[in-house]
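Descriptive structure summary
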Amino acid sequence: MTRVQEMAAATARRTVLAAQGFNDRPHARVTMRSLDRALTRTGVLQIDSVNVLQRAHYLPLFSRLGPYDTALLHRAAERRPRRLVEYWAHVAAYMPVELWPAMQHRMRGYRERGHAWTGEPGRPALADPLLLEVERRGAVTARDLDPATDRPRDQWGWNWSETKKVLEYLFLSGELAVARRNGAFERVYDLPERVLPAHVLDAPEPAPDEAARTLVRRAAASSGLATEASLRDYYRMGVNETREAVRDLVEEGTLEPVRVEGWRRVAYRYAGAAVPRRIRTAALLSPFDPLVWERARTEDLFGFRYRIEIYVPAHKRVHGYYVLPFLLDEAIVARVDLKADRATGRLLVRSAWAEPAVDREQVAEALAEQLWVAAGWLGLVAVEVEPQGDLAGPLAAAVPAHTAVGDSSPV
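Only a predicted model underlies this, so the values are computations on that prediction, with no experimental measurement involved. (Residues numbered from 1 in each chain as written. Predicted model: local features only at pLDDT ≥ 70, side-chain atom pairs only at ≥ 80, totals over all residues. Heavy atoms only, no water.)

Attention now moves to a negative patch on the surface. Taken together, the side chains of D359, E361, E365 and E369 present a region of like negative charge at the surface. If you trace the backbone, D359 turns up in the loop between β15 (346-354) and α14 (360-377). Taking relative accessible area as the criterion, D359 reaches 42% and is therefore assigned partly exposed. (Patch = residues over 30% accessible without salt bridge, like charges linked within 9 Å, V, L, I, M, F, W, Y side chains within 5 Å. Areas by Shrake-Rupley, 256 points an atom, 1.4 Å probe, with all protein chains shown as cover. Salt bridge = Lys/Arg side-chain N within 4 Å of Asp/Glu carboxyl O. Lys, Arg positive; Asp, Glu negative; His and termini not counted. Charge placed at Lys NZ, Arg CZ, Asp CG, Glu CD. Helix = DSSP H or I, 4+ residues; strand = E, 2+ residues; numbered from the N terminus. Buried < 20%, exposed > 50% of the residue type's maximum accessible area, 1.4 Å probe, protein only.)

Shown next as structure tokens:
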């Protein structure tokens with residue numbers, strides 16, 4: 001019987017923060033090597049269309065690397081040798097191209113079952129005509145395949161919304177891949193052989209149980225320490241396949257069962273996870289950062305209750321529209337509602353809130369510095385704090401002592 005180890009809550013936090021890349025020594029200059037290291041840590045970058053500050057997939061890299069040229073991420077995801085490909089890996093996300101084979105059983109499931117978006121079970125009638133059209137025309141958006149093209153409408157048999165639905169089915173089923181996102185943030189679809197490296201497409205498809213072990217193993221390496229539910233959430237897996245994979249990985253020694261002080265559920269430590277003596281970092285975290293995207297895990301780790309309020313009516317919001325947690329060393333100490341006012345060149349702090357029992361003056365100083373770093377990265381020239389939240393006053397006082405830092409890289 002596998003022995004369950006005991007772990008202090010502080011040790012668990014340091015383990016997770018190190019696995020997520022917050023203990024890595026900064027490179028003097030952010031290069032593709034830096035990006036590769038950060039991507040190895042996160043394992044996946046969630047994509048979201050909200051652009052009130054910066055799109056979600058850029059922010060986790062900024063949190064770990066500081067100001068970086070976002071063209072590096074475009075190169076990794078859009079040019080040869082392609083390192084990343086978009087797929088429904090967590091939700092819509094960039095994942096390492098090497099995970100494509102491990103997703104093929106998921107793709108086959110969509111091919112066989114269909115998807116609710118298409119409104120019909122199984123393979124949609126429009127799938128094959130659309131595939132032929134993409135093969136003929138090359139990389140296209142759904143808008144490009146709108147019926148208002150060079151073919152008569154009666155030969156197409158679909159409208160714009162149906163086109164998009166079936167293209168999404170083909171994307172989920174792996175018959176199309178995403179070559180890039182265009183300036184309007186639309187998916188640009190193409191055949192997988194024109195998107196993915198040959199060695200990825202030629203790799204044998206693993207059996208479903210091996211694919212599950214691969215995904216759980218990658219989730220565990222990125223997490224450092226996680227419950228079964230957290231490991232399942234990382235790549236949005238099924239309950240049974242995750243449970244069996246966890247059992248197998250415990251037996252082979254990749255995962256070690258752990259009881260963490262204050263946690264209700266057994267956790268699993270990745271056997272290769274580092275446990276540093278301390279973490280020294282300061283980072284603004286995207287609402288979609290892997291460190292905080294599972295809210296129950298965030299509460300277990302940091303005692304930090306976090307809910308995104310984008311879809312909450314304005315008058316019912318507690319903290320704001322686009323609220324970022326602020327990580328200082330080994331604790332989440334504050335949260336700020338941020339907006340990039342690009343027309344006026346200002347980073348607006350719509351509200352700022354401190355966590356209980358923190359030194360607000362100290363937190364305000366550290367946060368003010370990071371806000372200027374973010375402003376410089378976004379190409380903004382001013383930071384303006386609005387008088388909302390219990391940290392707003394100290395933060396407004398601290399902001400003038402700092403100036404913009406870092407290279408801007410407009411997207």
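Right, let's get into the sheet that holds strand β2 (residues 45-46). The strand order β2-β4-β3 describes an open sheet built from 3 strands, whose pairing is antiparallel. On the outer flanks of this sheet lie β2 and β3 (84-88), each paired with one strand and no other. Where β2 meets strand β4 (residues 92-96), 2 bridges bridge the pair, whose relative direction is antiparallel. When the bridges of β4 are listed, L45 appears paired with Y94. (Pairing = 2+ DSSP bridges.)

Of note, the amide linkage connecting R80 to P81 takes the cis form, showing an omega dihedral of -10°. Tracing the sequence through the fold places P81 in the loop between α4 (71-78) and β3. Despite not being glycine, F185 has its phi angle at roughly 65°, a positive value. Tracing the chain through its elements places F185 in the loop between β7 (177-181) and β8 (187-190). Its relative accessible area of 14% is what places F185 among the buried residues. Even without being glycine, A357 reaches a positive phi, approximately 65°. Its place among the elements puts A357 in the loop between β15 and α14. With relative accessibility at 87%, the residue A357 sits in the exposed group.

Function cannot be read off these values alone, since they describe shape.
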